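An overview of the molecular structure
Listed here are the chains, written in short residue letters.
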Amino acid sequence: MAEDNQIQTPRRGSPAIFATALGIALGFVVVTFGAMTMSMYLGERPLKPAIENYFAKYNASDFAPIYESAAKPLQDSVDQDKFMTNQQLIHEKLGEYQSKTIRGVKIVRERGPAATVITYDATFAKGPATVALAFQGTGVDAKLVSTEFRSDLLPRPERRGRG
C-alpha cells in the first residue's frame with residue numbers, strides 16, 4: 001500500500017510573483033526615463049527662442065549679431081574677429097544646420113552667474129556634429145556664453161572653445 005503522507009516541499013517562488021516583480025521594475029524604469037526626458041525638454045523650453053535665433057543666424061552666416069548680443073564671458077574670452085573666423089570655418093566644414101535632437105541639459109556655475117548648457121546631436125548639410133550651446137538667462141533675454149562643436153569634419157582647434 002502506497003503511503004499518501006508524502007512531505008511536500010514548498011515552491012521557491014511562483015511565476016506570478018516573478019511577473020509582478022518584473023512588471024514593477026519595468027514600470028519604474030519607464031517612469032524614471034520618462035521623467036528624465038521630460039525634464040530635458042522642460043529645461044530646453046526657456047532657451048528655445050535664443051537657440052532658434054542662433055541657428056538662424058548661423059545658417060545665414062550672420063555671426064556679428066551673435067557676438068554683439070553675447071554675454072560678457074564670451075566677449076571677454078575671444079575677440080569678435082576670432083569668433084567670426086571660427087564660426088565661419090565651422091560653417092564651411094559642416095554646412096547649414098538642418099535638425100537637432102536634444103542630448104542633455106545641465107546648469108553650470110563657474111565664477112559668476114550660472115549658465116545653462118544644452119547639448120544636441122545635430123545634422124548639418126555635410127554631416128553630423130554634437131553641439132553644446134551655453135546661455136545665461138532665459139527667453140529673449142538669454143545671452144550666449146559659449147559654443148562647442150564636435151565633429152570629425154572639423155580641424156582639432158575648432159572642435160572646442162568659446163567661439
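Please refer to the structure higher up on the page.
Heads up: these notes are all about the structure in this document.

Conventions we followed
- Residues numbered from 1 in each chain as written.
- Predicted model: local features only at pLDDT ≥ 70, side-chain atom pairs only at ≥ 80, totals over all residues.
- Heavy atoms only, no water.
- Helix = DSSP H or I, 4+ residues; strand = E, 2+ residues; numbered from the N terminus.
- Buried < 20%, exposed > 50% of the residue type's maximum accessible area, 1.4 Å probe, protein only.
- Contact = heavy atoms within 4.5 Å.
- Phe/Tyr/Trp six-rings, centres within 6.5 Å; stacked < 30°, edge-to-face > 60°.
- Lys NZ or Arg CZ within 6 Å of the ring centre and 35° of its normal.

Mapped onto the fold, T116 is located in strand β2 (residues 115-124). Accessibility expressed as a relative area gives 14% for T116, which makes it buried.

Moving on, we get to the environment of F63. The residue F63 is located in helix α3 (residues 63-68) in this model. For the pair F63 and M84, spaced 21 residues apart in sequence, the C-alpha separation works out to 5.7 Å. Residues within four places of F63 in sequence aside, it is in contact with Y58, F83, M84, Q87, Q88 and H91.

Attention now moves to the packing of aromatic side chains. The tally for this structure, following the rule as stated, stands at nine aromatic pairs. Here the aromatic rings of Y58 and F149 are separated by 6.0 Å at their centres, their planes lie at 20 degrees, and the arrangement is stacked. In this pair, Y58 is assigned in helix α2 (residues 48-59) and F149 in strand β4 (residues 143-150), connecting sequence segments 91 residues apart. No difference in accessibility class separates Y58 from F149, as the two residues are buried. Positioned above the aromatic ring of Y120, the side-chain terminus of K100 is 5.3 Å from the ring centre.

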